[in-house]
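Analysis of the macromolecular model
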Amino acid sequence: MSFLVPTAPTSHPPEESGGGDALAVPAASSFAYVDTPDFRYDGWLAHNEPRGAIGRAEGDVLVIGGGVSGTAAAYELSRAGCRVTLVEAEPALGGRCASRRFKDEPPRSPNLVELGAMRFTESLFVMSYYLDRFGCVELGPSLGSGLGAPLILTLTRRHVRGGIGALPLFPDPGVVVTWLCDADGVVRWDGQDAPQGFETVYYGWHALATNGIRRSDGAQAFMAPMDLRRLLQRSASGDGGALAAATAAWQAYITAFQGRSFYGVLHELFTGAGPYEIPGGQPWAFDDFDKFGTIGVGSGGFGALYSVGFLEIYRLIINGLEEDQRILRPGVRILPEELVARAGLAALVKNTQVTRIHGSLQEGFRVEYEGEPTDALTDVTFDRIVFAATTRAMEITTNLTSDAALLDARVATAVRRVHVASSAKVAIRIRKFWEDGDDTPRVLLCDNVVRQIYTLDYGAQDGTAVAFITYVWDEDATKQQGLGASSENYGVDKVKLYQNLYAKLLTYAERSPELAAWIAHIVPYTRGSANPGDFADSILYVEWQSQPHFNGAFKLSYPGQDRYVQTMFFDYLKADPDSPAADTGVYIAGDCIAYTSGWVDGALQTGLNAAAAVLTSTGTLYGDAHGQSPMTINKDRFDYFPVPVASTTKAFRTAAASTTKAVNGPGDE
């Protein structure tokens, strides 16, 4: 069950349970994401292998960045005949596909810590395509039997066909028994219905996701997210009317809310301050916003994200990224590693950072770099460059945003301006203190700096498991840097941080003996140390904003910044042969320039876009059965800085009315 769309809200008021047909969305049915509704990346990938061919001598490509976007671009370009050199600043591939093991963990142990991406949904269609194509989902005999099912690993990797739908569920709040702790007390939530004290926000958000936004007279103002997803699915089947309706429905949201924060729109909707019917019927009080900030939309508290743009959060709901989330055993780093292993690169250079790019499309490109001298980079001229990194790295570590010969000034401005979130995680190895299938709580959400705790079972046979004692964003990540600050080197002492977080956690133990007993299990388990207090090797920590080659975690647009994202995401279209003057030969990628930043498919889409640009400008790019490719996406489909709402009210009311038939379909009338 998901908090986003409860399967059976048993005590929900009958008059608010409408939209049942809207929930009939096949989870595994592939569709295009809402900001690019005219193109399915996975459908294009499934149609062609390779994706294109080099038609000229210009086939030497440098890919900067070995995260999942850069490795996807390198894989596809190599398969199409390019001579690809991939350079990565870190010792290992992956970027924020950062699967790690504790320092003293046996090499074959299944215990993993996902310091970056850690939750994966069936609507990550491109990721699922590659996982299935490479057969890199490790399956044990009870993989699909539910949370906590043991995974028996052999001494060698077993490649078995299967995409994300074959993976076990992530222990999200409400999917497993969850502790909720706030100023009103401690609640043990079994996930079967609204948690006590949180009913107003639980049913209010469910009504918004199910029914959309209605005007105060009851008429539909903005389509429900689930209905919009149904349109995207019908569009994927070739329904042109559904595509037009989906476009109109999302543009209506953009027109009304593109300049509004997540908190601002929720306040308007749920307090009755705007011209809309309150979703769920019950107005939210001031304290209810704190409660929603604690419980979130299905994957933990969103209070720290109240300041980001409303559309930034809402598109995740439409795209199905906040429901039915899964864990990936053997770790998400396997995807970039497999992409490189199968690519046939001309060269792979690690521990090397490109610091400056010289040249132009006409004369070719050379680079300066920091690292061991290598013939793969020194005095080598490249025909094209794919720069796949965070926008912070693009700005801080190279001259990319200061040289118009490399990047258009408007794109460079977008790279510099778009908000990149801070993020911190602290993971510990623990003793597994629950039995498979029992009702022991596995998650804790709270309103202090700890914010959220998750316990994950990767199937270790020695009775150990992994706990994230915290996972936070933005302001809370900054607070935690202060909690762990070391007076010696002004960095973060991970042991001190854990101890201070645990002390904060103990403040809730005083309220409930049962919770106190649970908290007592959230302690590091050491291996082979004579001193039980020596648990540094049982802790892993990251705060992405201080990582030298990242300088931030992922993009979370502030209100009004979707125009920046549009500018960055579609920069690759400058390779269109109809406008050769715009092509610089340098194409950016990475999840920070994606509409769905923070999710693997956002990164993969941008890597594929960059690869498509290289193939278009140097040879031939193949389309799907309908001739579609990343180069055919309509970049101007949506206006992300529209005219004021007052002058478009009639237009969006007409659009909302016209979508009713498209949503229901002729068979539903």
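Residues numbered from 1 in each chain as written. Predicted model: local features only at pLDDT ≥ 70, side-chain atom pairs only at ≥ 80, totals over all residues. Heavy atoms only, no water.

Between two packed helices, the angle of one axis relative to the other and the distance separating the axes together describe the packing. The contact between helix α2 (residues 68-79) and helix α17 (residues 600-618) brings their axes to 7 Å, and the two run at 35 degrees. For the pair α2 and α17, the sense of crossing is right-handed. From α2, V68, S69, A72, A73, E76 and L77 reach across to α17, where they touch V600, A603, L604, T606, G607, L608, A611, V614 and L615. (Axes fitted to C-alpha atoms, helices over the stretch in contact; angles between N-to-C directions. Helix = DSSP H or I, 4+ residues; strand = E, 2+ residues; numbered from the N terminus. Left-handed = near helix turned anticlockwise from the far one by under 90°. Contact = heavy atoms within 4.5 Å.)

Turning to the sheet that holds strand β3 (residues 83-87), a few remarks are in order. In space, the 5 strands of this open sheet follow the order β10-β3-β2-β13-β19, with parallel pairing throughout. Across the chains shown, the open sheet's two edge strands, defined by having one partner strand only, are β10 (347-349) and β19 (586-589). If you compare each strand with its neighbour and ignore which way they point, the axes differ by 15 degrees on average. Those strands touched by α17 are β2 (60-64), β13 (384-388) and β19, and its axis lies near 165 degrees from that of β19. (Pairing = 2+ DSSP bridges.)

Attention now goes to empty space enclosed by the protein. Regions of empty space are outlined by a rolling probe, equal in size to a water molecule, passed over the atoms. Overall, the coordinates contain 8 cavities of 30 Å³ or more when judged by the stated rule. The space that makes up the largest cavity amounts to roughly 480 Å³. Lining of the largest cavity is provided by 33 residues; of these, G95, A388, A389, T390 and F550 occupy positions nearest its centre. Elements supplying a minimum of two residues to the lining of the largest cavity: α2, β11 (353-360), β13 and α17. Tallied by class, the residues present in the lining of the largest cavity amount to 15 nonpolar, 14 polar and 4 charged. A volume near 320 Å³ is recorded for the second largest cavity. If you go around the second largest cavity, you meet 22 residues; those closest to its centre are Y471, W473, F554, G598 and W599. (1 Å grid on protein atoms, 1.4 Å probe; cavity = no way out; pocket = protein on both sides within 12 Å on 5 of 7 lines; lining within 4 Å. Points joined across faces, edges and corners; volume = space filled by probe spheres on them. Nonpolar A, V, L, I, M, F, W, Y, C, P; charged D, E, K, R; others polar.)

Moving on, we get to a negative patch on the surface. A cluster of acidic residues, D190, E435, D438 and D439, forms a negative patch at the surface. Tracing the sequence through the fold places D190 in the loop between β7 (185-189) and α4 (199-211). (Patch = residues over 30% accessible without salt bridge, like charges linked within 9 Å, V, L, I, M, F, W, Y side chains within 5 Å. Areas by Shrake-Rupley, 256 points an atom, 1.4 Å probe, with all protein chains shown as cover. Salt bridge = Lys/Arg side-chain N within 4 Å of Asp/Glu carboxyl O. Lys, Arg positive; Asp, Glu negative; His and termini not counted. Charge placed at Lys NZ, Arg CZ, Asp CG, Glu CD.)

Core analysis: the largest hydrophobic core is formed by 177 residues, its most contacted members being M127, Y130, L228, W250, Y253 and F257. Apart from the residues lying within four places of it in its own chain, the contact partners of Y130 are L45, Y75, E76, L335, L339, L604 and L608. Of all hydrophobic cores here, the second largest spans 34 residues; its members include I428, V450, I453 and Y502. (Core = buried A, V, L, I, M, F, W, Y, C linked by side-chain atoms within 4.5 Å. Buried < 20%, exposed > 50% of the residue type's maximum accessible area, 1.4 Å probe, protein only.)

Turning our eyes to something else, we now look at the sheet that holds strand β17 (residues 464-473). Pairing within the open sheet is mixed, and its 7 strands lie in the order β7-β6-β15-β16-β17-β14-β18. Two strands in the sheet have a free side with no partner beyond their single neighbour: β7 and β18 (539-543). Here the average twist between neighbouring strands, direction ignored, is 15 degrees. In the sheet, strand β6 (residues 178-182) pairs with strand β15 (residues 443-446) via 4 bridges, with the strands oriented parallel. Considered in β15, the bridge of W179 is made with L444. Against the sheet, helix α14 (residues 494-509) engages β6, β7, β14 (423-431), β15, β16 (452-456), β17 and β18, with an angle of about 95 degrees to β18.

Okay, the confidence of the model for the chain next. The share of residues in the chain with pLDDT of 70 or more is 87%, and the mean pLDDT across the chain is 87. Confidence over residues 139-159 falls short of pLDDT 50; this stretch has 49 contacts with residues more than four positions distant or in other chains. In this model residues 647-652 is a low-confidence stretch, pLDDT under 50, and it forms 6 contacts with partners more than four residues away in sequence or in other chains. (pLDDT = per-residue confidence, 0-100.)

Here the focus is the packing of aromatic side chains. Aromatic rings considered in pairs are described by the distance between their centres and by the relative angle of their planes. Evaluated as defined, the whole model comprises 41 aromatic pairs. Judged by centre distance (6.2 Å) and plane angle (55 degrees), the rings of F39 and W44 are tilted. For F39, a relative accessible area of 2% puts it in the buried group. With a centroid separation of 6.0 Å and an interplanar angle of 65 degrees, the aromatic rings of F222 and Y276 are classed as edge-to-face. One end of the pair, F222, is in strand β9 (residues 220-222); the other, Y276, is in the loop between α7 (262-271) and α8 (286-295), and 54 residues separate them in sequence. (Phe/Tyr/Trp six-rings, centres within 6.5 Å; stacked < 30°, edge-to-face > 60°.)

Scanning all chains against the criterion turns up 34 salt bridges. The shortest N-O distance in the salt bridge between E49 and R51 comes to 3.2 Å. Judged by its relative accessible area of 33%, E49 falls in the partly exposed class. Residue D172 is joined to R119 by a salt bridge in which the shortest nitrogen-to-oxygen separation is 2.8 Å. With D172 in the loop between α3 (125-134) and β6 and R119 in the loop between β5 (113-114) and α3, this pair connects stretches of sequence that are 53 residues apart. On the basis of relative accessibility, which here comes to 4%, the residue D172 falls in the buried class. The buried category is assigned to R119, whose relative accessible area is 10%.

Next up on the list: the packing of α4 against α7. Contact geometry of α4 with α7 gives a least axis separation of 12 Å together with a crossing angle of 95 degrees. With respect to each other, α4 and α7 are oriented roughly perpendicular. Between α4 and α7, the contacting residues are G204, W205 and L208 on the first element and F262, L266, L269 and F270 on the second. Class assignment for the residues of the contact of α4 with α7 results in 6 nonpolar, 1 polar and no charged. (Parallel < 35°, antiparallel > 145°, perpendicular 65-115°, else oblique.)

Turning next to helix α6 (residues 240-257). The terminal C-alpha atoms of α6, which comprises 18 residues, lie 26 Å apart, in line with the 26 Å expected from a rise of 1.5 Å per residue. Counting buried positions over the 18 residues of α6 gives 14, a clear majority of the element. Between a side-chain oxygen at the N-terminus of α6 and the backbone nitrogen of G241 the separation is 3.0 Å; the capping residue is D239. (Expected span 1.5 Å × (residues − 1). Polar contact = N/O pair within 3.5 Å; in protein donor to acceptor, adjacent residues only side chain to side chain.)

Attention now moves to the environment of Y502. Summarising the element assignment, Y502 is placed in helix α14. When sequence neighbours within four positions are dropped, the list of residues in contact with Y502 reads I469, I519, A520, I522 and V523.

Attention now goes to the side chain of Q480. Examined against the element boundaries, Q480 turns out to sit in helix α13 (residues 474-483). By relative accessible area, which is 0% here, Q480 ends up buried. Polar contacts involving the side chain of Q480 include one to the main-chain carbonyl oxygen of V449, which spans 3.0 Å. Separated by 2.6 Å, the side chains of Q480 and T470 make a polar contact.

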